[in-house]
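# Analysis of the macromolecular model
Listed here are the chains, written in short residue letters.
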Amino acid sequence: MTSPEPSPAMSERAALQSAASQSAASQSARADAFRRMHEGGAVPLVLVNVWDAASARLVEKAGARAIATSSSAISWSLGFPDGSHMPPGLAFDVLRRIAAATGVPVTADIESGYAGSDGSFDDGRLRQTVAAVLEAGAVGVNLEDSGGVRLTGIGEQARRIRLVRSIAADSGVHLFINARTDTYLSGQFGDSAFDETLARAEGYLAAGADGIFVPGVTDLHVLHELSRRIPAPVNALAGVGSASVGELHDAGVRRVSIGGNAAKAAYATVSRVAAEVLGDGNWSELAGAPSHADMDALFTRQDG
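The rules behind the values
- Residues numbered from 1 in each chain as written.
- Predicted model: local features only at pLDDT ≥ 70, side-chain atom pairs only at ≥ 80, totals over all residues.
- Heavy atoms only, no water.
- Helix = DSSP H or I, 4+ residues; strand = E, 2+ residues; numbered from the N terminus.
- Expected span 1.5 Å × (residues − 1).
- Contact = heavy atoms within 4.5 Å.
- 1 Å grid on protein atoms, 1.4 Å probe; cavity = no way out; pocket = protein on both sides within 12 Å on 5 of 7 lines; lining within 4 Å.
- Points joined across faces, edges and corners; volume = space filled by probe spheres on them.
- Nonpolar A, V, L, I, M, F, W, Y, C, P; charged D, E, K, R; others polar.
- Core = buried A, V, L, I, M, F, W, Y, C linked by side-chain atoms within 4.5 Å.
- Buried < 20%, exposed > 50% of the residue type's maximum accessible area, 1.4 Å probe, protein only.
- Pairing = 2+ DSSP bridges.
- Right-handed = clockwise from strand over helix to strand, strands pointing away.
- Phe/Tyr/Trp six-rings, centres within 6.5 Å; stacked < 30°, edge-to-face > 60°.
- Axes fitted to C-alpha atoms, helices over the stretch in contact; angles between N-to-C directions.
- Parallel < 35°, antiparallel > 145°, perpendicular 65-115°, else oblique.
- Left-handed = near helix turned anticlockwise from the far one by under 90°.

## So, helix H6 (residues 154–171)
End to end, H6 covers 26 Å across 18 residues, agreeing with the expected 26 Å (1.5 Å per residue, within 8%). Residues of H6 that are buried sit in contact with helix H5 (123–136), strand E5 (140–144), strand E6 (176–180) and helix H7 (193–207). Positive backbone phi, approximately 85 degrees, marks Gly172, located one or two places after H6.

## With respect to empty space enclosed by the protein
In the structure shown here, the tally under the stated rule is 3 cavities of 30 Å³ or more. Roughly 60 Å³ of internal volume is contained in the largest cavity. Thr69, Ile74, Ala91, Phe92, Leu95, Ala108, Asp109, Ile110, Tyr114 and Val133 together form the lining of the largest cavity. Considering only residue class, the lining of the largest cavity consists of 8 nonpolar, 1 polar and 1 charged. For the second largest cavity, the full set of lining residues is Asn49, Ala68, Thr69, Thr107, Ala108, Asp109, Asn142, Arg255 and Ser257. At the level of secondary structure, the elements contributing two or more residues to the lining of the second largest cavity comprise strand E3 (67–69), strand E4 (106–109) and strand E9 (255–257). With 3 residues, E4 is the single largest residue contributor to the lining of the second largest cavity. Considering only residue class, the lining of the second largest cavity consists of 2 nonpolar, 5 polar and 2 charged.

## Notes on the nonpolar core
Residues Ile67, Ile161, Ile212, Ile230 and Leu248 are the most contacted members of the largest nonpolar core, which totals 75 residues. The residues contacting Ile212, other than those within four sequence positions of it, are Asn178, Ala179, Thr181, Ala201, Tyr204, Leu205, Ile230, Pro233, Val234 and Asn235.

## Observations concerning the pairing of strand E8 (residues 234–237)
Pairing of strand E7 (residues 211–213) with E8, which is carried by 2 bridges, proceeds in the parallel orientation. Looking at E8, one finds that Phe213 is bridged to Asn235. In terms of handedness, the path from E7 via helix H8 (residues 220–229) over to E8 forms a crossover that is right-handed. Alignment of E8 against E9, held across 3 bridges, turns out to be parallel. Paired with Asn235 across the strands is Arg255, a residue of E9. Since E8 and E9 lie parallel, the crossover through helix H9 (residues 245–250) that links them has a hand, and here it is right-handed.

## Concerning the packing of aromatic side chains
Any pair of aromatic rings gets described here by the distance separating the centres and the angle formed by the planes. Taken as a whole, this structure holds 3 aromatic pairs when the rule is applied. Ring centres of Phe34 and Phe176 lie 5.7 Å apart, and the angle between their planes is 80 degrees; this geometry places the pair in the edge-to-face category. You can see Phe34 sitting in helix H1 (residues 8–36) and its partner Phe176 sitting in strand E6, a full 142 residues away along the chain. Plain terms: the ring middles of Phe92 and Tyr114 are 6.0 Å apart, the flat faces sit at 75 degrees to each other, and that makes the pair edge-to-face. Of this pair, Phe92 sits in helix H4 (residues 88–101) while Tyr114 sits in the loop between E4 and H5; the two residues are 22 residues apart in sequence, bridging distant segments of the chain. Neither residue differs from the other here; Phe92 and Tyr114 are each classed as buried.

## Some words on the environment of Pro233
The residue Pro233 is located in the loop between H8 and E8 in this model. Residue Pro233 is classed as buried on the basis of its relative accessible area, which comes to 10%. Between the C-alpha atoms of Pro233 and His38, which are 195 residues apart in sequence, the distance is 6.3 Å. Discounting residues that sit within four places of it in the chain, Pro233 has contacts with His38, Asp210, Gly211, Ile212 and Arg254.

## Some details on the packing of H5 against H6
Between H5 and H6, the shortest axis-to-axis distance is 10 Å and the interhelical angle comes to 45 degrees. In this view, H5 runs oblique relative to H6, as classed from their interaxial angle. H5 and H6 meet at a crossing whose hand is right-handed. Of the residues in H6, those touching H5 at Asp123, Leu126, Arg127, Val130 and Leu134 are Arg159, Arg160, Leu163, Val164, Ile167, Ala168 and Ser171. The residue makeup of the contact of H5 with H6, split by class, is 7 nonpolar, 1 polar and 4 charged.

## Points about the packing of H4 against H5
At a minimum axis distance of 8 Å, the contact between H4 and H5 shows a crossing angle of 25 degrees. Judged by the angle between their axes, H4 and H5 are roughly parallel. Like other packed secondary-structure pairs, H4 and H5 cross with a definite hand, here right-handed. On H5, the residues that touch Phe92, Leu95, Arg96 and Ala99 of H4 are Thr129, Ala132, Val133, Glu135 and Ala136. Residue classes in the contact of H4 with H5 are distributed as 6 nonpolar, 1 polar and 2 charged.

Structure follows, in structure tokens:
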């Protein structure tokens, strides 16, 4: 007696389940690869932060091992100021497009989790944010402790990190949690910023964070001491006037990112082009731009 042929609906469900399983396995593999990029070596992990699919593909084409988003750059591109003013749904849509356009691991800047300030923080919204990040295909997040007027308390921020870790664990993806602390950037701690940073790093790592991001520190001696005393990869924010990648590596930094600086540079180009064209009608600022065909070619592999 022969078995009945599966119905088209059953075959479709099986195909979808198989595709979902393969996708989850691929995301998990990307997460593991991204984690290994922080283990040290000849150079740190260098991240050029992006804000849309085209900037992501250009950065990937330039040789990036991984892609990081910039919340400030995405906000500006969508018409919002930085600082959790952008509707989360718009941020997640951009993240999905970036992750779909690239073949390397993607980590998302989720600010303070798009879950409100300290006075109105909503765990349910944080759960939705992490779920959206994982659904988009990302394998890491930056989660900051400056979502309100003052920095969130260590205990409360640690609780939020534990929640993010729990949600990610349930998904089967070992999400890389880069815990950002604005101890230096906020200017709130003065001479005690170093000790406060170490205290926060200890609390955040104990809660499940994988790395510590300390923007606002440019002094190589301070970065060296932070890297020496924090038992996890330290992320430095770089830009014009910062130490070189090699110098940061020698100071012990394992991850370097540039935040919204790439977007600022791109928008400066737009400003120069507009000023020239609307001024003397010259086109010289357009020299060196990729061709129409080159831009289309960034995405032809998706159509294939």
